[in-house]
Amino acid sequence: MKAVVYNGPRDVAVKDMPDAKIIKPTDVLVRITTTNICGSDLHMYEGRTSFETGRIFGHENLGRVIETGAGVERIKVGDYVCLPFNIGCGFCENCERGLTGFCLTANPGSAGAAYGFAEMGPYEGGQAELLRVPFGDFNCLVLPRDAQEKEDDYVMLSDIFPTGWHATELAGLRPGDSVAIYGAGPVGLMAAHSAIIKGASQVFVVDTHPSRLALAEKLGATAINGVGDAAVEKILNLTDGRGTDCGCECVGYQCCDKHGHEDISVTMNSLVASTKATGGIGVVGVFVPQDPGARQELAKEGKMPFDFGSFWFKGQQIRTGQANVKAYNRQLARLIHQGKAKPSQIISHRLQLAQAPEAYQHFNDRDEGWTKVILKP
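Residues numbered from 1 in each chain as written. Predicted model: local features only at pLDDT ≥ 70, side-chain atom pairs only at ≥ 80, totals over all residues. Heavy atoms only, no water.

Trainee: Tell me what's going on with a nonpolar patch on the surface, and back it up with residues and numbers.
Mentor: A cluster of nonpolar side chains, Phe308, Trp312 and Phe313, forms an exposed patch at the surface whose accessible area comes to about 460 Å². With respect to the helices and strands, the residue phenylalanine 308 is situated in helix H11 (residues 308–313). Here phenylalanine 308 falls in the partly exposed class, since its relative accessible area comes to 48%. (Patch = residues over 30% accessible without salt bridge, like charges linked within 9 Å, V, L, I, M, F, W, Y side chains within 5 Å. Areas by Shrake-Rupley, 256 points an atom, 1.4 Å probe, with all protein chains shown as cover. Salt bridge = Lys/Arg side-chain N within 4 Å of Asp/Glu carboxyl O. Helix = DSSP H or I, 4+ residues; strand = E, 2+ residues; numbered from the N terminus. Buried < 20%, exposed > 50% of the residue type's maximum accessible area, 1.4 Å probe, protein only.)

Trainee: Before we move on, can you summarise unusual backbone geometry with the specific residues and values?
Mentor: The backbone phi angle of phenylalanine 135 is positive, close to 45°, even though this residue is not glycine. In this fold, phenylalanine 135 is placed in the loop between strand S6 (130–133) and helix H3 (136–139). Residues other than glycine seldom take positive phi values, yet arginine 366 does so here, at roughly 55°. Take arginine 366: it is sitting in the loop between helix H13 (356–364) and strand S15 (373–376). Residue class for arginine 366 comes out partly exposed when judged on its relative accessible area of 30%.

Trainee: Go over the pattern of salt bridges with me, naming the residues and quoting the values.
Mentor: Following the criterion strictly, the structure yields 18 salt bridges and no others. Note that aspartate 27 is salt-bridged to arginine 132, the shortest N-O span being 2.7 Å. Taken together, the residues span a long stretch of sequence, with aspartate 27 in the loop between strand S2 (11–16) and strand S3 (28–37) and arginine 132 in strand S6 at a distance of 105 residues. Side by side, aspartate 27 and arginine 132 carry an identical accessibility label, which is buried. In this structure, arginine 242 and aspartate 245 form a salt bridge, with 2.8 Å as the shortest nitrogen-oxygen distance. The class of arginine 242 is partly exposed, set by a relative accessible area of 46%. Note on aspartate 245: relative accessible area 12%, which makes it buried.

Trainee: Could you give an account of the sheet that holds strand S11 (residues 244–249), with specific residues and numbers?
Mentor: What the 6 strands build is an open sheet, ordered S10-S9-S8-S11-S12-S13; its pairing is parallel. Where the open sheet ends on each side, the last strands, each with one partner, are strand S10 (222–225) and strand S13 (317–320). Between one strand axis and the next, the sheet turns by 20° as a mean value, whatever way the strands run. Note that strand S8 (residues 178–182) and strand S9 (residues 202–207) share 5 bridges and pair parallel. By the bridge assignment for S9, tyrosine 182 is matched with valine 206. Against the sheet, helix H9 (residues 266–274) makes contact with S8, S11, strand S12 (275–283) and S13, and its axis sits at roughly 145° relative to S12, the strand it touches most. (Pairing = 2+ DSSP bridges. Axes fitted to C-alpha atoms, helices over the stretch in contact; angles between N-to-C directions. Contact = heavy atoms within 4.5 Å.)

Trainee: So what about empty space enclosed by the protein? Which residues, and what values?
Mentor: Counted under the stated rule, the structure contains 1 cavity of 30 Å³ or more. Quantified by volume, the largest cavity comes out at close to 40 Å³. Every residue lining the largest cavity is listed: Tyr253, Glu262, Asp263, Ile264, Asp291, Ala294, Arg295, Gln296 and Ala299. A per-class count over the lining of the largest cavity returns 4 nonpolar, 1 polar and 4 charged. (1 Å grid on protein atoms, 1.4 Å probe; cavity = no way out; pocket = protein on both sides within 12 Å on 5 of 7 lines; lining within 4 Å. Points joined across faces, edges and corners; volume = space filled by probe spheres on them. Nonpolar A, V, L, I, M, F, W, Y, C, P; charged D, E, K, R; others polar.)

Trainee: How would you sum up the pairing of S8? Please name residues and give values.
Mentor: On a regular strand, each side chain points to the face opposite its neighbour's, so the side chains alternate between the two faces of the sheet. For S8, the tally of buried residues reaches 5 of 5 residues, placing the bulk of the element in the interior. Here S8 shows no split at all, with Ser178, Ala180 and Tyr182 on one side and Val179 and Ile181 on the other all buried. For the handedness criterion, the β-α-β arrangement of S8, helix H6 (residues 186–197) and S9 is classed as right-handed. In the sheet, S8 pairs with S11 via 4 bridges, with the strands oriented parallel. Within S11, the residue paired with valine 179 across the bridge is cysteine 246. (Right-handed = clockwise from strand over helix to strand, strands pointing away.)

Trainee: With reference to specific residues and values, describe helix H12 (residues 329–337).
Mentor: When H12 is considered as a whole, its buried residues turn out to be Asn329, Leu332, Ala333 and Ile336. One side of H12 holds all its buried residues, which, seen down the axis, span an arc of 105°. Looking at the buried positions of H12, the neighbouring elements they touch are strand S7 (141–142), helix H4 (151–154) and helix H5 (160–171). Two residues or fewer past H12, glycine 339 is found with a positive phi of approximately 80°. (Arc of directions from axis to C-beta.)

None of the figures reported here should be taken as evidence of function without further support.
Structure, rendered in structure tokens:
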């Protein structure tokens, strides 16, 4: 099969790889029809993680079932399915509680597993023609009858739409609340889409890329072009000095200061400043325990200079972590099916799998207009 393979920092290639196949009776084999490049893939693409050379990228996947293991009962050949990026067993303590992003079975010795991702188990990614899905009955979301018609919407259920929704859940967003979302990448845009669907009164999206901010406005949000104190000041002015009811961090450890230099603390401290006293902050941007490639000494250890004094004095709350996709994807699929959500509107490029190396380069360089890339094997 053709697959996108990591050769080293900023070097991916489409290669012939051994076909994915059924290994265990509970496996499902999917022929991938749409797979996305995620902002999280860029951390590995840049060589900022322990992702091994020779492995296949891709954790945002959708396709058609072509084979099932002998132990699979629910999923049938021919089903169109979307796969949550996090792999869950369905029966461990965390999965039973709906915390499938922290499965204790799929990646022994750690909490959480995923396709084609550093430190998340041995599973190959789906930027390929075929994908093996472990625990298929549990992990496959069977899509409605309009799966092909709305394929570019449903594929967003694999990660960014549930993750954006999760950001608003972690922040405690309620109808009528105001929210500031830092980062207008795909997840930040999906957080804005989610906040608007949930009835937020004001949705601010903070970024510095005009094409991304234009998409935020298209979704119905107020764009804030700025970084750090400048962004905070604009939000305070637009909320009569009160700050927003809650906030979402959708950037992660590679956020930058006003000079364009990486500073792991910028978005977190800005959120403390722009969120009201007693407000909630939800963090879904990726922060890592170690980042040897960072410029700052603290950042190399995954640490930051955090304004804990203001955070404590304001009585705020922070909740963090990757989305438990299965906690949301079925309901979000219904929103898509009924025309209440359209996550595909942020897609900028629909490309063939063979164009993946070029796409990675443009997306990683944050080139204007490259907001979300999907690949068609």
